[in-house]
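A closer look at the structure
Residues per chain, in single letters:
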Amino acid sequence: MSQLTGKYSPESGHRPRVAVVGGGFAGINAALKLGKLPVDVTVIDRRNHHTFQPLLYQVALAVLSPAQIAQPIRSILKDKANTEVLMDEVVGIDARARKLSLGSGTVISYDYLILSTGATHSYFGHEDWAKYAPGLKSVEDATEIRRRVLLAFELAERHMLEHGWHPPLDFVIIGGGPTGVELAGAVSDIARLYMKHDFRHIDPAKARVIVIEGSPRVLSTFPEDLSAKAQKQLEDIGVEVWTNKHVTEVGPGYVMVGDQRIDAVVILWAAGVATSPLGRMLGAPVDKRGAVLVDQQLNPEGLPEIFVCGDLAHIEQDGRLVPGVAQPAIQMGRFAAKTIAADLEGKPRGNFRYWDKGDMATIGRQAAVAKIEWPFKAHWGGFLAWLTWLVIHIYFLIGFRNRLAIFWTWAWTYFTFAEGARLITGDQHLSGWENATAGSPRNATSSISEHSLEVEQAGEPVGAASNGVVKQA
């Protein structure tokens, strides 16, 4: 086992070492600020890139390619001479000895530690559902969702050509929060608008999109008027919204809602998140999600040299939990670096306070909702909210390689209905497709072309589809 201490060590009276674990919004912003301080910084992430997560759903639905919303961490920090980057995974934390154990066997000593490892999907104890209903937290997740969505249309086209019918193109999104709403709108858009002229034997616009939400309304963390506007905009583009419904089972090609079965060619998960297991490694108090309870300086109890940021931090402000989204994470990362700077200068530490500038969620092409808190207060829906969303996301893309070229590519796809990044990578197996195409083709789509009629008459076996609608189990 090797031990990495860097060029300097506190024992020799040289500069302190700051370990930043996680290359998300909090970690990257902390590292950028620390790059200006007389410290040595080690940034550790199991991936080599930082992802602009608010645009992940556009990768998932083939508007953007992964490289357009992700950038190597080394590239972002290349001008910070005091900063090194390790692609590795933290597997243990000894808070008393101030040491990190890495998956490679290396041990890193630190004087300050910034933990910002974010969150992952929570299937509420049903981890076996993950293989049937992927969530959206990483580039890998986005490309897997893209594969499934595009493959569903391709398999339907092939099945129609070969057999004269195809299973209903029903898509189910479990969860009506921002991610679920954005995915639902994007699936509807790609089916109705972007692929309407691409196929000869199927009509993508007939795809059915269903959002299942357990609470009384979608976007439950938004004000009620914006939730209502969001639901109206979803319904206007053909998305079915089911509220007060709870999923009891997810299997290959189907979802159970109580005793009702919904057959679906693609199921997507947007219902819950769980924090990184690193929070529990600290030995500090955590909430039921595993988020670390921190004080107003973002420190766990009795650990002033450790800062917990982003989704991993449980901190309340004005009686409400600070949300685990991009803006709080950015502000927390910068605050942690600012606090370390105050320590180095012998100044007192301040308290973290989240500056809430508002929330927004995009619903589809030229449709969104926005709760604006700064520089004025407003609740917007529709095109104006969508335009605000667009401007803000362009602004936060600053610092990414060729951001103007990236925006131009995105805008060209968005406004001209161009092909985007509709590439299917990986295998051609779609979970549940065999079930959907077995049996008798009752209620299946059957607008048969002349060629497919000839194939059927030539003796090709004609299978059957599930009915593709909600039915009693």
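Quick word on the pattern of salt bridges
Tallied over the full model, the rule gives 21 salt bridges. Glu140 is paired through a salt bridge with Arg47; the nearest N and O atoms lie 3.2 Å apart. With a gap of 93 residues between them, Glu140 in helix 4 (residues 139-163) and Arg47 in the loop between strand 3 (40-45) and strand 4 (49-51) connect regions that are remote in the sequence. The exposure class of Glu140 is partly exposed, given its relative accessible area of 39%. For Arg47, a relative accessible area of 28% puts it in the partly exposed group. The closest approach of N and O atoms between Arg289 and Asp287, which form a salt bridge, is 3.3 Å. Overall, the relative accessible area of 14% leaves Asp287 in the buried class. Within this structure, Glu144, Arg147, Arg148 and Asp427 form a network of salt bridges that share partners.

Notes on the sheet that holds strand 26 (residues 367-372)
Strand order across the open sheet formed by three strands is 25-26-27, with antiparallel pairing between neighbours. Unpaired on one side and paired on the other, strand 25 (358-364) and strand 27 (378-381) mark the two borders of the sheet. Sheet twist, expressed as the average angle between the axes of neighbouring strands with direction ignored, equals 5°. One ladder, built from six bridges, connects strand 25 with strand 26; its direction is antiparallel. From the neighbouring strand, Ala361 faces strand 26, where its bridge partner is Val369.

Quick word on the pairing of strand 13 (residues 208-212)
Of all five residues in strand 13, five are buried; the element is thus mostly enclosed. Residues Arg208, Ile210 and Ile212 line one face of strand 13 and the alternating positions Val209 and Val211 line the opposite face, and both faces are buried. Pairing of strand 12 (residues 170-174) with strand 13 involves five bridges; the strand directions are parallel. Bridging across to strand 13, Ile173 finds its partner in Val211. Assessed by its sense of winding, the connection that carries the chain from strand 12 through helix 5 (residues 178-194) to strand 13 is right-handed. Two elements, strand 13 and strand 14 (residues 239-242), share four bridges in a ladder whose sense is parallel.

As for the confidence of the model for the protein
With 86% of its residues at a pLDDT of at least 70, the protein reaches an overall mean of 87. A low-confidence stretch, residues 1-12 (pLDDT under 50), is modelled with 24 contacts involving residues beyond four sequence positions or located in other chains. Note on residues 447-473: pLDDT under 50 across the span, and 73 contacts to partners over four residues away in sequence or across chains.

Focus on the packing of aromatic side chains
Applying the stated criterion across every chain yields a total of 11 aromatic pairs. Both rings, one in Phe335 and one in Phe352, keep their centres 5.6 Å apart while their planes meet at 70°; by these two values the pair is edge-to-face. Here Phe335 is found in helix 8 (residues 326-344), whereas its partner Phe352 is found in the loop between helix 8 and strand 25, with 17 residues between them in sequence. With respect to burial, Phe335 and Phe352 carry one shared label: buried. Positioned above the aromatic ring of Tyr254 is the side chain of Arg261, whose terminal nitrogen or guanidinium carbon lies 4.3 Å from the ring centre.

A short note on the environment of Phe396
Mapped onto the elements, Phe396 comes out in helix 9 (residues 383-396). Considered as a pair, Phe396 and Phe52 are 344 residues apart in the sequence and their alpha carbons are 8.7 Å apart. Look past the residues within four positions of Phe396 in its chain and what remains in contact with it is Phe52, Gln327 and Ile330.

Notes on unusual backbone geometry
In this chain, Trp374 is followed by Pro375 through a cis amide linkage whose omega measures 5°. Looking at the element boundaries, Pro375 is found in the loop between strand 26 and strand 27. In this model, Asn244 sits at a positive phi of 55°, which is unusual for a non-glycine residue. Inspection of the secondary structure assignment puts Asn244 in the loop between strand 14 and strand 15 (247-251). Positive phi outside glycine occurs at Gln366, with the angle close to 60°.

Parameters and conventions
- Residues numbered from 1 in each chain as written.
- Predicted model: local features only at pLDDT ≥ 70, side-chain atom pairs only at ≥ 80, totals over all residues.
- Heavy atoms only, no water.
- Salt bridge = Lys/Arg side-chain N within 4 Å of Asp/Glu carboxyl O.
- Helix = DSSP H or I, 4+ residues; strand = E, 2+ residues; numbered from the N terminus.
- Buried < 20%, exposed > 50% of the residue type's maximum accessible area, 1.4 Å probe, protein only.
- Pairing = 2+ DSSP bridges.
- Axes fitted to C-alpha atoms, helices over the stretch in contact; angles between N-to-C directions.
- Right-handed = clockwise from strand over helix to strand, strands pointing away.
- pLDDT = per-residue confidence, 0-100.
- Contact = heavy atoms within 4.5 Å.
- Phe/Tyr/Trp six-rings, centres within 6.5 Å; stacked < 30°, edge-to-face > 60°.
- Lys NZ or Arg CZ within 6 Å of the ring centre and 35° of its normal.

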